[in-house]
Amino acid sequence: MSETTSGTERAGTPTGDGAPEGHPDDVLRVRDLSTRFFTEEGQINAVESLDFTVRDGEVFGIVGESGSGKSVAALSLVDLVDSPGRITSGEVWYRDADLADEFRDDVPEAVDGEFVDTRRLPEGVRRALRGPAFSMVFQDPMSSLNPSITVGEQIAEAVEVQRRARANPRRTRSRTQGYGMGRLIVDSLLPNRGYTSESSMNRAIELLEQVGIPDPAERAHEYPHQFSGGMLQRAMIAQALAGEPDVLIADEPTTALDVTIQAQILNLLRDLQEEQDTSVVMITHDLGVIARMCNRVGVMYAGQIVERGTLSDVFDSPVHPYTEGLIGSIPDLDDPAPRLQPIEGNVPSLLDEEMGGRCFFADRCPKAMSDCLQPIPEYDAEPGTDEHAARCVLTEREYDEADALPPDHFDRNEEVRGDE
Amino acid sequence: MSEPAAGEEPLLEVRGLRKYYFENDSLFDRLLRREPTSVKAVDGVDLEVYPGETLGVVGESGCGKSTTGETLLRLREATDGSVRFDGEDVMEMSGDELTRFRKRAGIVFQDPFSSLDPRMTVGDIVGEGLKIHGMPEESPEDGRSKREWRRDRARELLERVGLSADQIDRYPHEFSGGQRQRVGIARALALDPEFVVLDEPVSALDVSVQAQILNLLEDLQEEFGLTYLFIAHDLSVVRHICDRVAVMYLGEVVETGPTDDIFESPKHPYTEALLESVPRASVEEQGRRVDPLPGDVPSPRNPPSGCHFRTRCPEVIQPATVDIPQEQYRGVMNLRDRLERQGFTAESVWETLESEHDGDDFERDTVAFKEAMREEFDLADLSGATMDTVEDALEILANGREDEAAERLREAFASPCEEEEPVLTGGEHAAACHLFADEEYDRDLDPEDVGNAMGGMGAPGPSPPVDGDVDDDLDPDGPDGTVEADADDSVGTDGDR
Amino acid sequence: MKIGPISISPRTIRNLRKEFRSSGLARIGVVLVVVIVLAAAFAPMIAPHNPRTQNLDRAQLPPLGFTDTEQRTSTEMVNGSVQTVTENVTVNATAQHPLGTNSLGQDILSRAIYGARTSLLVGLFGTVLAALLGVTVGLTAGYYRGRIDDALMRTADVSLAFPSLVLAIALIGLFSRFQADVAIAITDPLVTTGVAGSFRDAVGLPTPMPETFVLPTVVILVVGFVNWVWFARIARGEALSVREEEYVKAARALGASDVRIVFRHVLPNSITPILVLATIQVAAIILLESALSFLGFSGTTLSWGFDIAQGRDYLSSSWWIATVPGIAIVLSVIGINLVGDWLRDALDPGIEGEGGM
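Residues numbered from 1 in each chain as written. Chains lettered and ligands numbered in written order. Predicted model: local features only at pLDDT ≥ 70, side-chain atom pairs only at ≥ 80, totals over all residues.

## Considerations on the pairing of strand β3 (residues 67-78) of chain C
Next up, step 1: By the criterion of burial, β3(C) is predominantly exposed, with just zero of the twelve residues buried.
Next up, step 2: The antiparallel hairpin formed by β3(C) and strand β4 (residues 81-92) of chain C contains two residues in its connecting segment, where Asn79(C) sits at a positive phi of about 55°. (Buried ≥ 20, exposed ≤ 12 C-beta atoms within 10 Å, placed from the backbone. Helix = DSSP H or I, 4+ residues; strand = E, 2+ residues; numbered from the N terminus. Pairing = 2+ DSSP bridges.)

Okay, structure coming up:
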């Protein structure tokens, strides 16, 4: 394990057993979540001790550039990280009173009040939570749907799985029955039998209608390639809604779409979220999407949330120079400012050996000081509240030129030079 | 950046550019006598780019903006149209002429990964143009070989775009996306071009890196007096870097004009909707609801007749005999459109009704059918003669005669927008929209005069419709008084939605 | 490192080495190929006998470790009448002919070693010819598309429709009508310079060795012509995808000629699958050559296929005559295919540059 996993202590957040304290409305509390990829080039610290909470019926935004680890963070939440990646530490506390009661005696360390730590639940239970508790919408709908099965059938299948799960909750077997060998043979002999019952197909059509697909009864029998990008994204959302999830995780749901279609999808997500009181984790690189959709925001850089708070905390009074830089980089649609203020340099590689125990942004930071050369814990930006926090020494002290790092401090063989 | 001086000749002038792709056009298809279908990627584009300016070409994917850029450089052969570069006809060039043109006009591509040959060093990539054009023509006087001269030039260029000269022997995969894009820019600059097509040069980059590249492009333009054609889908980038903008939709330019005019007082409903849709990165954006354009961009295989945008336009002009709220008219149009494109059949509606019906005793009830259709297409509030016509058509439809129902609707509700293709009118800030052109094409005026006349009448819109305020009031105080009266109805109701 | 249009980056070398270390099959393949290549190259030095020297006294000796009983019949005068006497004689193997001898008493090991020369040379030259032809056609078709593509690839499809052996025999028939010689003799430098002779004297092997070596040129032309289609198809597919890359567009925008684009950009970026195919084609052509010489169309008698044909008549009595060259064919084909797999696995995943994400 790298030394960089240290330093998550934060005033007001006790570590150790039990769910971290937080807002009473929290539905999800993530603490110290780390995901590593073990590749040929070395260990990649894609997610580095992540802490955040998601409340009932809110939209929590995670914003970051490519390579900041935001998508891996999403996958880690639902435990879908594939080899060579592995979640190496952390707790994902999810509020579910029934589940808490069920496991209070069996797995006491995984239960705290109404919260359960999904990381400590048995694999089968964790899998059963995908759908009714968490579900995901991915960036690329074209590759996320099976091209050889009709859209309606794919959604109906999700409905079917959820229905079985509800009839016999937390049992993997109940959700997979009917997919056995016998069924397989029958299906290959009678190709049009389908995996889905009529009632789940009807539910699928309802879902398609709910996400605004015209002629749902007819479109349900079409294949993904017959759908446009926007329609496919709607179908993906319908599929994610099949289990009526408490938390919907949307990973760059509009990045592949044009602006006018993006506006449609954002409206749809907003409507669904308000109607069903779902909590949404919105992951995107687009600060505009964040601004339109989110109540609270976390800014990710190099696998960490470097700053988090309400929308106005982060947009109007950012503390971390990275957040400032990100906002300064965006050309304003309503005001053609004379000059952009980019962040110099490039996103770091996340290779464990190259990370070192320092603020990961220090090499690009215009305000790097000698204090930045140690691991930076999360500081409260506004003492007393838990809302606005940043992993930056500037939360605690003013920038002092006397302490500034010499400009060539990180120039071992860095090639990049900014334009300014 | 400089404003085009009055009376200056454009460096690049594109007239009626068309690029069609043909499908089903192989030997096999010809043997089977299949008709080739045309995909109209670019369908009659006019552009002028003046020396020293940046013209932005903006539009959604599939609008033909990249194809335009590549066709006017003759990287693709145009189906029709003319391109004049500094007075010479690019389409007619061959041999030496074309080689000289290639030297004067460069291009930077979108994808920093596929635009650099992975098997060449960046030095070779940057120097390739020099080698192709046999530069330097004579051995340098300082005793360097031609090869050394080219290497030194490549080093200079790498330095200029913000890379370091000692990276000259590295391969593209050793660079990040932003650095690769710098290499691509250096390659385009190697031949000292006057004109550069920038084909989405920053859309594959992260915002922080995007800002670096935008600044670099601005600096280079100033330093070398470059003229840019900047193709993009990101409106805020276009606003930032362009002097003038052309907005494209389905292979056509729908609006063109100075950047500030376009962004502050857009004329074309499509431009308005586009601007409205973009999420702003500011706190005021929170919870802002936009009225998005309905539906998808139609297929360029079979674009709508008349104005290509009419199938999604929130301000379609109603025929003189009809005067109903815009969304009801849109509902009628949608119904007809779907019928005409064989999007659905009466049978499918019956099936839906049947599946929603719980008992076994389902009867085909025309009243329920019409009710369902009214709900689906928001036709419930119709009244008077309009309602009668629609009821009539629904009755026909319920009996399974889709074509006849469509015909009935077409007779009563055909919009001027579908009958005639609008042309760009309005002089410097021109839009191709019947809302602005009605008057003129009736009188058959020269577009030039119309532009001046309208310029005289128009007052700049007092409130830009795109300010970040949370409101649904889209009412663009039309810049030209006469036309506004026509459009007012529809726009007004649109705002009330 | 750069070899013609092929540039080998350190990353490629790393991949090759890694794949070599992790795959046992790759190692077996490389060892087999290296052994066969060395044997073929230094045949005049290491072959125990002149492969053409006949010695009927020593015909049909078994390989070491085996004995053979041979029925000898002799006619004798017994009691005034002529009688045919049959006796079973045990024939022992001798260390001088470790793999035995054939019906003419030629040393089988030596013939197998010399046969490797024929097979490899035909394999290599045939592949080079097929690749030159096929890659040129394929790149042209893929780069220009349209009618040129239609015409070239339909031709390729037609020639694919013939079974390759039948096509090869037909072509040999065609060639031999115009040209008397189906093969040319080339002098063996190892022998004529005396290097081989002095080496053999030093280690005590019998001399002299054959001064010339027969290269079946017609077979090379024919196998090249039979196999070009595979290269054409692969090269066309690669060209079709590479021509759409933006760097090709960029080169065109700089004013590069088609020839330059094809040779500077399209070919180098298509070379990996072509290389892998070429490796596998060497094996395929070796098989084809063996089949042709088995059927007697080769023009040289120093060939594995020819030896198998010779041994076929003695399968029941002297199985080793056909078996040894048979095993040689199998080993070389397996070895080359394993090397091909190794190259494919090492060069395949993410052609350089894809790792930059």
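## Overview of the interface of chain B and chain C
Next up, step 1: Taken together, the contact pairs 25 residues of chain B with 23 residues of chain C.
Next up, step 2: Those elements giving two or more residues to the side of chain B that touches chain C turn out to be α3 (95-104), β6 (105-108) and α4 (122-132) of chain B.
Next up, step 3: Here the residues of the side of chain B that touches chain C are counted per class, giving eleven nonpolar, seven polar and seven charged. (Contact = placed C-beta atoms within 7 Å. Nonpolar A, V, L, I, M, F, W, Y, C, P; charged D, E, K, R; others polar.)

## Side note on the environment of Ile220(C)
Residues and elements named next belong to chain C.
Next up, step 1: As for its position among the elements, isoleucine 220 is in helix α9 (residues 217-242).
Next up, step 2: Measuring from C-alpha to C-alpha, the distance between isoleucine 220 and leucine 56 comes to 33 Å, with 164 residues separating the pair along the chain.
Next up, step 3: When residues no more than four places from it in sequence are discounted, the contact partners of isoleucine 220 are Val122, Phe125, Gly126 and Leu129.

## A closer look at the UniProt feature "transmembrane region" (unreviewed entry) in chain C
Residues and elements named next belong to chain C.
Next up, step 1: Under the UniProt annotation, "transmembrane region" (unreviewed entry) lies at residues 24-47, 120-144, 156-175, 213-231, 274-297 and 317-339.
Next up, step 2: From the first C-alpha to the last, residues 120-144 spans 35 Å; its make-up is 100% helix and 0% strand.
Next up, step 3: Across residues 213-231 one finds 79% helix and 16% strand; the C-alpha atoms that close the span lie 30 Å apart. (UniProt positions renumbered as here; feature names shortened; annotations may be inferred.)

## Remarks on helix α11 (residues 258-294) of chain C
All names here are of chain C.
Next up, step 1: With 37 residues, α11 should reach 54 Å at 1.5 Å per residue; the first-to-last C-alpha distance of 45 Å falls well below that figure.
Next up, step 2: The largest bend in α11 is about 50°, located at isoleucine 271, with the proline proline 273 one to four residues further on.
Next up, step 3: Counting buried positions over the 37 residues of α11 gives 27, a clear majority of the element. (Expected span 1.5 Å × (residues − 1). Bend = angle between axes of the 7 residues up to and from the residue.)

## Re the packing of helix α4 (residues 108-144) of chain C against α9(C)
All names here are of chain C.
Next up, step 1: Two elements in contact, α4 and α9, have axes separated by 5 Å at closest approach and are oriented at 35°. The interaxial crossing formed by α4 with α9 has right-handed handedness.
Next up, step 2: Class assignment for the residues of the contact of α4 with α9 results in 24 nonpolar, seven polar and three charged. (Axes fitted to C-alpha atoms, helices over the stretch in contact; angles between N-to-C directions. Left-handed = near helix turned anticlockwise from the far one by under 90°.)

## Description of the confidence of the model for chain C
Residue and element names in this part refer to chain C.
Next up, step 1: Mean pLDDT over chain C works out to 85, with 93% of the residues at or above the 70 mark.
Next up, step 2: Per-element mean pLDDT across chain C ranges from 54 in strand β1 (residues 2-3) up to 93 in α4.
Next up, step 3: Within the model, the stretch residues 349-357 combines pLDDT values under 50 with 14 contacts to residues more than four positions away or in other chains.
Next up, step 4: Complex prediction metrics read pTM 0.81 and ipTM 0.82. (pLDDT = per-residue confidence, 0-100.)

## Some remarks on the confidence of the model for chain A
Residues and elements named next belong to chain A.
Next up, step 1: Across chain A, the average pLDDT comes to 81, with 85% of residues at 70 or higher.
Next up, step 2: This stretch, residues 1-15, has a pLDDT under 50; its non-local contacts, to residues over four places away or in other chains, come to 31 contacts.
Next up, step 3: Long-range and interchain partners of residues 413-420, a stretch whose pLDDT sits below 50, account for 16 contacts in this model, where long-range means more than four residues apart.

## Regarding the interface of chain B and chain A
Next up, step 1: At the interface, 52 residues of chain B touch 47 residues of chain A.
Next up, step 2: Contributing elements (two or more residues each) for the side of chain B that touches chain A: α6 (177-189), α7 (207-224), α8 (235-241), α10 (269-277) and α12 (346-356) of chain B.
Next up, step 3: Here the side of chain B that touches chain A takes ten residues from α7(B), the largest share from any one element.
Next up, step 4: Across the side of chain B that touches chain A, the residue classes break down as 19 nonpolar, 22 polar and eleven charged.

## Let's talk about the pairing of strand β3 (residues 59-63) of chain A
All names here are of chain A.
Next up, step 1: The buried fraction of β3 is high, at five of five residues.
Next up, step 2: Taking every second residue as pointing to the same face, both faces of β3 are buried, with Val59, Gly61 and Val63 on one and Phe60 and Ile62 on the other.
Next up, step 3: Where β3 and strand β9 (residues 279-284) come together, five bridges link them in parallel fashion. Its bridge partner lying in β9, valine 59 is registered against valine 280.
Next up, step 4: As paired elements, β3 and strand β10 (residues 296-301) share four bridges and run parallel to each other. Note that in β10 the partner of glycine 61 across the bridge is valine 297.

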